[in-house]
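# Observations on chain architecture
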Amino acid sequence: MFTYKPLLKQLIDKGMTKTQLREKLGISMATLAKISKGEYVSMKVLDDICSILDCRIENVIEHYDQ
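Right, let's walk through the structure included here. (Residues numbered from 1 in each chain as written. Predicted model: local features only at pLDDT ≥ 70, side-chain atom pairs only at ≥ 80, totals over all residues. Heavy atoms only, no water.)

## Brief notes about the pattern of salt bridges
Counted by the stated rule, this structure contains three salt bridges. We note a salt bridge from K44 to D48, for which the minimum N-O separation is 2.9 Å. With a gap of four residues between them, K44 and D48 both fall in helix α4 (residues 43-53), about one helical turn apart. Residue D48 is classed as partly exposed on the basis of its relative accessible area, which comes to 22%. One salt bridge connects R56 with E58, and the closest N-O pair in it is separated by 2.5 Å. Overall, R56 belongs to the exposed group, its relative accessible area being 57%. (Salt bridge = Lys/Arg side-chain N within 4 Å of Asp/Glu carboxyl O. Helix = DSSP H or I, 4+ residues; strand = E, 2+ residues; numbered from the N terminus. Buried < 20%, exposed > 50% of the residue type's maximum accessible area, 1.4 Å probe, protein only.)

Distances and angles like these do not, on their own, reveal function.
Written out as C-alpha cells, the structure reads:
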C-alpha cells in the first residue's frame, strides 16, 4: 500500500496548502481527494508534484506493508 504522508510534510515545510498545490498543478478536486484518501493517482500527477515542489518521489509517496 501507499501513503501520501510525505507529501503532507512537504506542503507544511514549504508553507503551501493542498488547495494551493491543486491550483498550481491544475488538477481536479477529485484527484486531490484521491491523494487525501491515499488512493492511486497517475504517474503524471506524481511527476508534476515533484516538479512543483522541487523534490524526489520519496518526498511525496511512501510504500508500506499492510
